[in-house]
Amino acid sequence: MAETIFSAVVLLIGTISMIILGIVQYRSKEPVGFWSGKKPPRKEEITDVSAYNRKHGLMWILYGTGLIVCYVCARPLGGLIAAYLCMAEVFGGLLGMVAYHNRLNRMYYRKRENI
């Protein structure tokens, strides 16, 4: 019982921070970043800042929510199975997020014109 409570608390601390990050990005008026340590794009570089931010925010909200759903669904199967499924969600989700972020950059970055 103690490990269930501990794992749920740790999961919630991590996922709530991701969901809050997603909400902040969703509502942001300035372009948001994805990579830690890398400056986000400037407004002039993005064609539709609000759509760019909403899609990035939804990405983080869905990632955090997906982790919670994965844990809740896998927990009745046992702690080790829940841990393995959540780890698969973490790594698979991160790979999916990187691919989606790159797709959003291709969609919303202004094309540089060669002069």
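Treat the numbers as computed from the prediction; the structure is a model and nothing was measured.

Rules used in this analysis
- Residues numbered from 1 in each chain as written.
- Predicted model: local features only at pLDDT ≥ 70, side-chain atom pairs only at ≥ 80, totals over all residues.
- Heavy atoms only, no water.
- Helix = DSSP H or I, 4+ residues; strand = E, 2+ residues; numbered from the N terminus.
- Rg over C-alpha atoms; globule rule 2.2 N^0.38 Å.
- Axes fitted to C-alpha atoms, helices over the stretch in contact; angles between N-to-C directions.
- Parallel < 35°, antiparallel > 145°, perpendicular 65-115°, else oblique.
- Left-handed = near helix turned anticlockwise from the far one by under 90°.
- Core = buried A, V, L, I, M, F, W, Y, C linked by side-chain atoms within 4.5 Å.
- Buried < 20%, exposed > 50% of the residue type's maximum accessible area, 1.4 Å probe, protein only.
- Contact = heavy atoms within 4.5 Å.

Enquirer: Can you lay out the overall build of the chain for me, pointing to particular residues and giving the numbers?
Expert: Across its full length, the chain holds three helices and zero strands. For the chain, the N- to C-terminal ordering of α and β elements is α-α-α. Here the C-alpha atoms of the chain give a radius of gyration of 17 Å, more than 25% beyond the 13 Å that 2.2 N^0.38 yields for 115 residues. Considering only C-alpha atoms, the chain reaches an extent of 65 × 20 × 20 Å along its principal axes.

Enquirer: Please provide a residue-by-residue account of the packing of helix 1 (residues 2-27) against helix 2 (residues 49-74), values included.
Expert: Contact geometry for helix 1 and helix 2: axes closest at 7 Å, N-to-C directions at 165°. On the basis of their axis angle, the class for helix 1 and helix 2 is roughly antiparallel. The interaxial crossing formed by helix 1 with helix 2 has left-handed handedness.

Enquirer: If you had to explain the nonpolar core to someone new, which residues and values would you point to?
Expert: Proteins that are soluble and globular tend to have nonpolar side chains buried together. Listed in full, the 11 residues of the largest apolar core are L11, M18, F34, M59, W60, Y63, L67, C70, Y71, C86 and M97. Those elements giving two or more residues to this core turn out to be helix 1, helix 2 and helix 3 (79-108). Counting residues per element, this core draws most heavily on helix 2, at six residues. If sequence neighbours within four positions are ignored, M59 has contacts with F34, M97 and Y100. In terms of nonpolar packing, the next biggest core, distinct from the first, is built from seven residues, V32, V49, L104 and Y108 among them.

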